[in-house]
Amino acid sequence: SSFNTGSGADDWIYAIAIQKDGKILIGGDFTSFNGIPRRAIARLNSDGTLDYTFDPGTGPNRAIYSIAIQDDEKIIIGGEFGDYNEFKIDNLARLNKDGSLDNTFNSGSGPNNKINAIVIQDNGKIIIGGDFTAYNGIVRSHITRLNVDGTIDYSFDPGMGADNNVLSIALQRDEKIIIGGCFFSYNGTESQFIARLDTNGSLDNSFNP
């Protein structure tokens, strides 16, 4: 009961990430938090109250499904949106720690469909999974890895990738990648709903679920 969100968000929350200072980022399909307008993203103080120093403006025009925080405290958001604070950007964006859009993140046309999952590796590279089949016009089926600047990391080669949506991603300590979702195969090999990838994006056949 010491966590005081008031009336809270007025619609679904899909993503939560906690900063090093204990503040809490939330993303979803809401339009307000405790009666204060906040579209799809907000930051809370550790006691659950709204942090007014985080100002996303009008925010994204549609839902956020995933949030990840970089070591420099910049924030990667993914979802199903077409703009952020009235600036056109599709489904993936990076924010400065005050909630403003980071225009140095060069995603080009970005993913062509929804982002469901984001993880950041120790080297700063960003793995994204979702419903997309291309990133900045390059074929990438439901998973890809980005450089720190938002461009595709071509050293990560998923081949045909997953044959359907990737919904969740987690990193092992050895940097291998666990993915889960609605898929039945990965790069043409049967792998139902869960798979492990090597660091280069290839299927790890030693993982046998």
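Preceding this section is the structure that the text describes.
Because the structure is predicted, anything quoted here is derived from the model rather than measured.

Basis of the calculations
- Residues numbered from 1 in each chain as written.
- Predicted model: local features only at pLDDT ≥ 70, side-chain atom pairs only at ≥ 80, totals over all residues.
- Heavy atoms only, no water.
- Helix = DSSP H or I, 4+ residues; strand = E, 2+ residues; numbered from the N terminus.
- Buried < 20%, exposed > 50% of the residue type's maximum accessible area, 1.4 Å probe, protein only.
- Polar contact = N/O pair within 3.5 Å; in protein donor to acceptor, adjacent residues only side chain to side chain.
- Contact = heavy atoms within 4.5 Å.

*Asks:* Please give an account of the side chain of Arg196 that cites residues and values.
*Replies:* When you line up the elements, Arg196 lands in strand 20 (residues 194-197). What makes Arg196 buried here is its relative accessible area of 15%. Within polar-contact distance, the side chain of Arg196 engages the side chain of Gln172 at 3.2 Å. Here Asp204 takes part through its side chain, which lies 2.7 Å from a polar atom of the side chain of Arg196. Ignoring anything within four residues of it in the chain, the contact list for Arg196 reads Gln172, Lys176, Ile177, Ile178, Ser202, Leu203, Asp204, Ser206 and Phe207.

*Asks:* Go over the environment of Leu25, please, and point to the residues and values.
*Replies:* Along the chain, the position of Leu25 falls in strand 2 (residues 24-28). Of the residues examined, Leu25 reaches a relative accessible area of 0% and is grouped as buried. As for Leu25 and Ser100, which are separated by 75 residues in sequence, their C-alpha atoms are 14 Å apart. Those residues in contact with Leu25 that lie beyond four places of it in its chain are Ala15, Ile16, Ala17, Gln19, Ala42, Arg43, Phe54, Ile67, Ile69 and Ile75.

*Asks:* Got a sec to walk through the side chain of Ser141? Specific residues and values, please.
*Replies:* Its location among the elements puts Ser141 in the loop between strand 14 (138-139) and strand 15 (143-146). A polar contact of 3.4 Å, which involves the side chain of Ser141, links it to the backbone oxygen of Met160. A distance of 2.7 Å separates the side chain of Ser141 from the backbone oxygen of Ala162, its partner in a polar contact. In contact with Ser141, other than residues within four places in its own chain, are Phe132, Thr133, Met160, Gly161 and Ala162.

Everything listed is a geometric property; what it means functionally is a separate question.
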